[in-house]
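Chain by chain, the residues run as shown.
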Amino acid sequence: ADGVANASEGVEAVFDLGGCTCDVSILGRTQGVFEVIATGGDSALGGDDYDAALADWVLGQVGVAPQTPADKTAARLAARDCKEALTAMENVAFSASVAGARVHFDVKRSDFEAVTAPLTARSLAAVRRALRDARLAPQEVQGVVLVGGATRMPQIQAAVGDYFGRPPLTNLNPDEVVALGAALQ
């Protein structure tokens with residue numbers, strides 16, 4: 001909260017990538033009071049889509065097709081575990097029982113990032129639209145706050161940082177920042 005709370009004037013961006021949606025808010029701050037300048041997002045994009053893309057890719061690599069809804073669920077849960085572990089490690093095992101087979105496949109972070117690059121590009125398209133609506137350039141934004149568990153993915157932090165030309169604030173728990181903001185307000 002320090003990075004945002006210490007600035008009394010300026011423009012901040014809030015990038016929220018949760019399980020099911022991607023939301024972007026551009027906020028102006030005057031004398032400590034925030035005003036929404038523009039909002040945008042992609043209501044059909046979230047962390048769950050990263051799980052699905054990883055599950056589909058791994059199953060394609062090993063040649064196993066899900067036969068039942070339970071198979072799809074098992075693959076997506078394994079993909080979520082893999083995705084979360086890849087935030088801290090470069091190589092993680094994807095492991096699940098799918099269609100009567102035990103699937104075990106080593107996933108590199110670089111593979112995951114390549115497989116999900118189109119999703120990351122979609123999230124940045126939402127940022128571009130919100131900034132266009134606000135009539136602002138990325139360099140006019142003083143700070144970027146990440147919200148939502150999916151923003152823990154290193155490729156999201158890097159993509160948002162590269163786009164704005166500055167690292168996003170990562171000293172806040174992305175799962176708790178909305179509650180923290182409401183409490184401060």
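Preceding this paragraph is the structure being described.
Residues numbered from 1 in each chain as written. Predicted model: local features only at pLDDT ≥ 70, side-chain atom pairs only at ≥ 80, totals over all residues. Heavy atoms only, no water.

Q: I'd like to hear about helix α3 (residues 69–85), residue by residue, with values.
A: Spanning 17 residues, α3 covers 24 Å between terminal C-alpha atoms, matching the ideal 24 Å at 1.5 Å per step. Burial in α3 covers these residues: Asp71, Ala75, Ala78, Ala79, Cys82 and Lys83. Buried residues of α3, seen end-on, are gathered within an arc of 140° and therefore sit on one face of the element. Residues Pro69, Ala70 and Asp81 are exposed on α3 and point more than 90 degrees away from its buried face. Those residues of α3 that are buried are in contact with α2 (47–62), β4 (91–98), β5 (101–108) and α4 (109–115). (Helix = DSSP H or I, 4+ residues; strand = E, 2+ residues; numbered from the N terminus. Expected span 1.5 Å × (residues − 1). Buried < 20%, exposed > 50% of the residue type's maximum accessible area, 1.4 Å probe, protein only. Arc of directions from axis to C-beta. Contact = heavy atoms within 4.5 Å.)

Q: If you had to explain the nonpolar core to someone new, which residues and values would you point to?
A: Counting 44 residues, the largest nonpolar core has Phe15, Leu17, Ile26, Phe94, Val107, Val160 and Phe164 as the members making the most contacts within it. For this core, the leading source of residues is helix α5 (residues 117–134), giving seven residues. Setting aside anything within four residues of it in sequence, one finds Phe15 in contact with Cys22, Asp23, Val24, Ser123, Val127, Val145, Leu146, Val147, Thr151, Ile156 and Val160. (Core = buried A, V, L, I, M, F, W, Y, C linked by side-chain atoms within 4.5 Å.)

Q: For unusual backbone geometry, give the residues involved together with the corresponding values.
A: What you tend to see is this: most non-glycine residues have negative phi, and most peptide bonds are trans. In this model, Ala99 sits at a positive phi of 55°, which is unusual for a non-glycine residue. Note that Ala99 resides in the loop between β4 and β5. Of the residues examined, Ala99 reaches a relative accessible area of 34% and is grouped as partly exposed. In the Ramachandran plot, Arg135 falls in the positive-phi region, its phi being about 55° despite a non-glycine side chain. A relative accessible area of 74% means that Arg135 is categorised as exposed.

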